[in-house]
Amino acid sequence: MTKILDRLPVVRHVRQSVGLQRGMLVTGLAITAVFVLTAIFAPIIAPYGYSQLRDASGTFGAQLPPGGAHLLGTTVGGYDVLSRVIWGTQTAVIVIIVAVLLSIFAGVALGLISGYIGGWLDRVLVVIADAIYAFPSLLLAIVAAIAISGGQSSFWGGILAAAISITFVFIPQYFRVIRAETVRIKSEAYVESAKVIGSGAPRIMVQHVLRNATRTLPLIFTLNSSEAILTLAGLGFLGFGIEPTAAAEWGYDLNKSLSDVTSGIWWTSLFPGLAIVLSVLGITLVGESLNDLADPRLRTRRRAEVAAHTPDPLEVQP
Amino acid sequence: MKTVVDIRNLEVTFATDGGDIPAVDDVSLTVGSGEVVAIVGESGSGKSVTAKSIIGLLPETAVTRGVILLNGRDVVGLTGEKLRATRGLDAAMVFQEPSTSLNPVYTVGWQLAEGLRAHGKYSRRQARAKAIEYLGKVGIPEPEKRIDHYPHQFSGGQKQRVVIAMALALDPELIIADEPTTALDVTVQAEILDLLRRCRDEFGTAIILITHNMGVVADLADRVVVMYEGKVVEQATATKLFGSPQHPYTQKLLAAVPRIDTTRERTPVAEAPPVVRATDLVIEYPGRFGRGGFRAVDRVSFTIAPGEVLGLVGESGSGKTTIGRAIGGLTKISGGSLQVLGHEMLTVRERGFKPVREQIGFVFQDPASSFNPLLTIAQCVAEPLIVHGRAGDATAARPRVDELLEAVQLPRAFGDRYPHELSGGQRQRASLARALALEPTLLIADEPTSALDVSVQARVLELFAELQNQFGFAALFISHDLAVVDTVSDRIAVLYRGELVEEGPPAQVLGAPEHPYTQRLLASLPVPDPAEQAVRREELRALTTRGEE
Amino acid sequence: MTAPEIAGPASVVPTTRPGTGGNKLLRFIIVRFLLIFPTIFILVTLVFVLMRTIGDPITAALGGRLPADQLAQRIEEAGYNRPILVQYFEYIGQVFTGNFGETISDHRPVVDVLVRYGGATLELAFYALIVAFIVGIPLGMLAAYVRDRWPDAILRVFAILCYATPVFFAGLLLKLIFAVGLGWLPVAGRASVRTELQLTRVDDPTGIYLIDALKTSNPGAVYADLLAHAVLPGVALGLLTAGIFLRLVRTNVIGTLSMDYVDSARSRGVREYRLVTKHALKPASIPIITVIGLQIAVLLGGAVLTETTFEWQGLGFMLTQYLTARDFVAVQGIVALLAVIVALTNFIVDIIAALIDPRVRY
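Residues numbered from 1 in each chain as written. Chains lettered and ligands numbered in written order. Predicted model: local features only at pLDDT ≥ 70, side-chain atom pairs only at ≥ 80, totals over all residues. Heavy atoms only, no water.

Engineer: With reference to specific residues and values, describe the overall build of chain B.
Structural biologist: On a plain count of helices and strands, chain B comes out with 20 helices and 20 strands. Taken over C-alpha atoms, the radius of gyration comes to 25 Å for chain B, in line with the 24 Å a tight globule of 549 residues would show. When burial is assessed residue by residue, chain B has 57% of its 549 residues classed as buried. Once local pairs closer than 6 in sequence are excluded, the contacts in chain B between residues at least 24 apart make up 69%. Here chain B has roughly 21700 Å² of accessible surface; of this, 49% comes from carbon and sulfur atoms. Here chain B carries 58 positive and 69 negative side-chain charges, and the mean point of each set is 6 Å from the other. (Helix = DSSP H or I, 4+ residues; strand = E, 2+ residues; numbered from the N terminus. Rg over C-alpha atoms; globule rule 2.2 N^0.38 Å. Buried < 20%, exposed > 50% of the residue type's maximum accessible area, 1.4 Å probe, protein only. Contact = heavy atoms within 4.5 Å. Areas by Shrake-Rupley, 256 points an atom, 1.4 Å probe, with all protein chains shown as cover. Lys, Arg positive; Asp, Glu negative; His and termini not counted. Charge placed at Lys NZ, Arg CZ, Asp CG, Glu CD.)

Engineer: Hey, could you go over the interface of chain C and chain A for me, with residue numbers and the actual values?
Structural biologist: Reports of interface size often rely on the accessible area that becomes lost once the parts have come together. Contact residues are listed per partner, giving 63 residues for chain C and 61 residues for chain A. Taken together, the connections running from chain C to chain A amount to 2 salt bridges. Across the salt bridge formed by R247 of chain C and E288 of chain A, the nearest N and O atoms sit 2.1 Å from each other. The interface formed by chain C and chain A includes 2 residue pairs in polar contact (both at pLDDT 80 or more). Looking at the side of chain C that touches chain A residue by residue, the classes come out as 43 nonpolar, 12 polar and 8 charged. (Salt bridge = Lys/Arg side-chain N within 4 Å of Asp/Glu carboxyl O. Polar contact = N/O pair within 3.5 Å; in protein donor to acceptor, adjacent residues only side chain to side chain. Nonpolar A, V, L, I, M, F, W, Y, C, P; charged D, E, K, R; others polar.)

Engineer: Explain unusual backbone geometry to me, and be specific about the residues and the numbers.
Structural biologist: Residue and element names in this part refer to chain B. Backbone geometry at D26 places phi at a positive 55 degrees, although glycine is not the residue there. Mapped onto the secondary structure, D26 falls in strand β2 (residues 19-32). Phi is positive for E229, close to 50 degrees, though the residue is something other than glycine. Along the polypeptide, E229 turns up in the loop between β9 (223-228) and β10 (231-237).

Engineer: Describe the sheet that holds strand β20 (residues 499-504) of chain B, listing the residues and the values that go with them.
Structural biologist: All names here are of chain B. With mixed pairing, 6 strands are arranged side by side in an open sheet as β16-β17-β18-β13-β19-β20. Single-partner strands in this sheet number two, and they are β16 (360-363) and β20. The average angle at which neighbouring strand axes cross in this sheet is 15 degrees, direction not considered. Both strand β19 (residues 491-496) and β20 contribute to a ladder of 5 bridges, which runs antiparallel. Residue A493 lies in a different strand from β20, and its bridge partner there is E503. Against the sheet, helix α19 (residues 516-524) makes contact with β13 (309-313), β19 and β20, and its axis sits at roughly 105 degrees relative to β19, the strand it touches most. (Pairing = 2+ DSSP bridges. Axes fitted to C-alpha atoms, helices over the stretch in contact; angles between N-to-C directions.)

Engineer: For the pattern of salt bridges, give the residues involved together with the corresponding values.
Structural biologist: A side chain with one charge may pair with a side chain of the opposite charge, provided their charged atoms come close. In this structure the tally under the stated criterion is 47 salt bridges over all chains. Put simply, D219 of chain B and R197 of chain B hold a salt bridge, and the shortest N to O gap is 2.6 Å. Of this pair, D219 of chain B sits in helix α8 (residues 214-220) while R197 of chain B is found in helix α7 (residues 186-203), placing the two residues 22 residues apart along the sequence. Judged on exposure class, the residue D219 of chain B and its partner R197 of chain B are both buried. For R32 of chain C, the salt bridge identified is with D350 of chain C, shortest N-O distance 2.7 Å. Taken together, the positions of R32 of chain C in helix α1 (residues 24-34) and D350 of chain C in helix α15 (residues 328-356) put the pair 318 residues apart, joining distant regions of the chain. As far as the burial class goes, R32 of chain C and D350 of chain C line up, both buried.

Engineer: Residues and numbers for the domain arrangement of chain B, please.
Structural biologist: Domain annotation of chain B identifies domain 1 (99-171) and domain 2 (276-543). Measuring from the centre of the C-alpha atoms in domain 1 of chain B to the corresponding centre in domain 2 of chain B gives 39 Å. (Domains from an automatic or database assignment.)

Engineer: Describe the packing of aromatic side chains, and please don't skip the residues or the numbers.
Structural biologist: Evaluation of the coordinates by the stated rule reveals 17 aromatic pairs over all chains. When the centroid spacing of 6.4 Å and the interplanar angle of 35 degrees are considered together, the rings of Y134 of chain B and F203 of chain B count as tilted. Highlighted residues: Y134 of chain B in helix α4 (residues 124-137) and F203 of chain B in helix α7, separated in sequence by 69 residues. Geometrically, the ring pair formed by F33 of chain C and F37 of chain C is edge-to-face, given 5.6 Å between the ring centres and 85 degrees between the ring planes. Here F37 of chain C falls in the partly exposed class, since its relative accessible area comes to 37%. Connected via pairs of aromatic rings, a cluster forms that spans F48, Y88, F89 and Y91 of chain C. Just above the ring of W120 of chain A sits the side chain of R123 of chain A; from NZ or CZ to the centre is 5.0 Å. (Phe/Tyr/Trp six-rings, centres within 6.5 Å; stacked < 30°, edge-to-face > 60°. Lys NZ or Arg CZ within 6 Å of the ring centre and 35° of its normal.)

Engineer: Hey, could you go over the domain arrangement of chain C for me, with residue numbers and the actual values?
Structural biologist: Residues and elements named next belong to chain C. The domain boundaries assigned to chain C delineate domain 1 (22-105 + 325-362) and domain 2 (110-324). Centre-to-centre, using C-alpha coordinates, domain 1 lies 27 Å away from domain 2. Every contact between the two is made by 28 residues of domain 1 and, on the other side, 20 residues of domain 2. Taking both sides of the interface into account, the surface hidden between domain 1 and domain 2 amounts to around 2000 Å²; carbon and sulfur atoms contribute 79%. By the criterion of area lost to domain 2, the three top residues of domain 1 are A325, I334 and I356, representing 26% of everything that side buries. Inspection of the domain 1/domain 2 interface yields 0 salt bridges. Viewed at the interface, domain 2 and domain 1 are joined by 0 residue pairs in polar contact (both at pLDDT 80 or more). (Buried area = accessible area lost by both parts, 1.4 Å probe.)

Engineer: Give a detailed account of the sheet that holds strand β8 (residues 206-211) of chain B, specifying residues and quantitative values.
Structural biologist: Residue and element names in this part refer to chain B. Spatially, 6 strands are ordered β6-β7-β8-β3-β9-β10 in an open sheet, and the strand pairing comes out mixed. In the strand order of this sheet, the two ends are held by β6 (91-94) and β10, each with one partner. Shown here is a sheet whose adjacent strand axes are inclined to one another by a mean of 20 degrees, direction ignored. For strand β7 (residues 174-178) and β8, the ladder comprises 5 bridges, and the chain directions are parallel. The partner of I175 across the bridge, within β8, is I207. Running over the sheet, helix α6 (residues 156-169) touches β6 and β7 and is turned about 175 degrees from β6.

Engineer: Go over helix α5 (residues 84-96) of chain C with me, naming the residues and quoting the values.
Structural biologist: Residues and elements named next belong to chain C. Here α5 contains 13 residues, and its C-alpha end-to-end distance of 19 Å stays within 8% of the 18 Å for a straight helix at 1.5 Å per residue. Within α5, burial applies to Q87, Y88, Y91, I92 and V95. Down the axis of α5, the sector holding all buried residues measures 135 degrees, keeping them to one side. Considering only its buried residues, α5 is in contact with α2 (36-52) and α15. (Expected span 1.5 Å × (residues − 1). Arc of directions from axis to C-beta.)

And the structure:
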């Protein structure tokens, strides 16, 4: 039983880790778990709907301070802050899933083919990927968002627009990582030996290269998830997010709270902001820990448990 | 004789994922001034760990116990400034890889002066003068100019000289040389060993020489400490150890060292059309950014007859691996002609060559990377059978795989293991099994034993010879080691900078070499016998002086 | 916002054999320079294609507000009714001659917008870089040196927090605490109204206030005012980059600290402090500088958000203004221009990295 458990990526990593590294990994996993659970159970946890402005006793009222019926207060638009924060988790998770699913296949396939075949195709793709990679990703996402939705949209429209915009930024990243791995693996003796045996290129790519190159994917996945949250929030903050009636989105709420800050209203910005920071922190902690464990140079090892007793002083003579 | 190092009951333990592993177990030894003590052993014997513990260079995962008296002071457990003060002054170190032991972004002069200024008051000018002096002493020509050069502007042997100069400049009582010649070609190795001998003779420095090469030991050491699995199994003077080794392990180790024996029996060359015929073969690597290309193989001609083993010898950059890869269809040839099993490699296309691949087996140098880490050994060995349609999948191929594993003397159960669960020697056997799966008529073995310990190497070489007898394949056996090539080859070809300088039966090439390079190569190879090695050293010196005139 | 580097940048430094002459560096610079053009070309094309998928810019900006016939007339005047390929080649030609078009909403050349507001963005990026360097690099070295002990863990969590906090949220918090709560610093803007007036009156203003301030009658007071306004935006944007720098320096220095040459220097008795500051840092700085080049792009993206948060009237602020006005000619122009800036900075940064690496020089 333990053997099977040991082969699962994250479980194996927790077992491998020691000391502070384990602490960081476990903390990250805990925060991420809370994040995902909140997203799944948002309808149950949230006191109100994300676009709810009134209940049985009438409208909520705008900019109410925390307390009473509204634990974290209400926004300038009259929404309940706590509910918006909780529903926002769901939006973030859906965007991550869609964006990663869209980009991972394209990025991996392109990186594998480009790295393995090499030549002109490879050079052209590398220059393109590098150019996009070097460009401010938020600007690229804005341009893509304009192209896709013309700027604003419904729940699925908005989520798709955000996810696809982020995909534009991610594909070059997957491409670069998988290509680099492919180029490295291509010169490994086991790939050369498959070539000498006479295995065809598709067989080598799938059997030998792809399986070994994708071992870094959990790591990129976590890093990209945090980036997806930040880009989504950035888009929302600049007004390219999702309308408040379609879904809750933290960046949008922060944008609307800009003017509140000057008048000292802190609850409308603090809580959505903290939600972003915490979710990115959790996911990044997991990603960083996985990175450390994968890299032998960065990995901590336990110190030997032998008590380092001092030698017999009689034996030490100058 | 003054004692420089006195190690008593040293124990070193490492923490690993699999628990604590003792690396050094109750080791005691001494080194007197002006003495060269060799610590010999195979990988995992704890020889390097013992040496590194003298100057406290072990990683944090290690725990050290015991006493190491360096110039009368116990250095175990020293930390901080006290430990730093002993480094370089009491003991200096020469590392295995000269190319990585110099910082690439600083000049060698800067790095030399830095060591000096870490230990004493030197003005910039004084430090520089001393750096130039020592560069000259270790035989770097034009030291005034070369001092401002960066490491990558030196050759491998020169870099190792620079590292030795850095050690010498601090005038330490002891130099620890950790495999100082392993990364170097055999002709360069002889020069570096000479330099280390001068360190002892002219500077009176004690040397701890860590090596796995018995020839190197015989060449330089006064006394030998043999280590096995963390323990010292035998200590004796060099003459005594090589003359009458006491411990069974030492005896086994010495017996495993390949030796040149020109009287060995060889298979006579068959009178049949050759399996490989190279005529004026040229292989060039294209240059980058419009720079000129690099000619790795230059007008080389040779043949391999059916059932014959051709040994291809040369140092790094000689083009030997390139030739092997070209025959295996991994590198394109640029000119001349190379016929492999009747196919012309200059014009062949991958599709046309695929049926030919069935008849070619290939064994690679690095056993660590020659298997896909995610597949079992059985799946790896079955791959050629599946690719060429002899079996539907790995399960169907299993009976044949078991046969093959048996042929290379591996237990059948190993088929279900993953590559990292096998030792280097076992992996190289499995590699042979994979290469022989289709019963090829030609086998290319590219340095198949150079990453292995000497005793493992002996067993793999033996196995190779047996299999060759049994299956009767022709083979190209590539190696940098003349003695290794001699044990398996029917004919030997010597490559030097892309050109074939000499070719013929071993008795002729090794018994009476004609080309000056072959002569030098042969004379540089140290033999595991101190007395004989002393004679050979003089011969090499005579040869070099003659060459310079 | 780019994820922290995972595999490190693909080295652009070509591997070379020793002793191939002294013009290696020159050759490298030329090859690297030529690479700028395809980079700009690709980005400009990408932006063009994306922006045109939604139709012509005139309809996008004015559609619904003008009668159909007037709209058609304006489209024809601007040439947007011609085949898309013709427009594309014309646009590419214009970009390479430094013409980025004219805005629809206020009819000014995009290049003018750059000249007018570029200085402000440059200043903001400059402040942020200073903060990032001062915070990120020494702390990164420290973290590498004390690796895997608790100060390292604290520094790493700090770095992740810097990265995890969106600049606009950091900006809002800083504003809330230091401007609104404590009242120590101004809430927004590049300078107070009086200072701005003074600065616009100097002879040939550069738009970069730090330079223009020298020409005013009382530079001391002007500088004080400028700095007071710069602290919060500079810190907000700088901390984001500092987190990335910290992580980058830590990883690379740990990498070089494990190299043989560090052990080799240690065996000669070189002090631990020197091992970190000399032996590990300089070789590590080659990949670090390359990634810092990539961070310039992140910084520019972050500047858009910071400028919006602090009403800092720079390119990013203008970009959001044009976005709200749906003036996509202006947006396309500014984005294309930023692409040129990014390509040029990366070129310069790669040359600096090459100058540090003796293997490229000799």
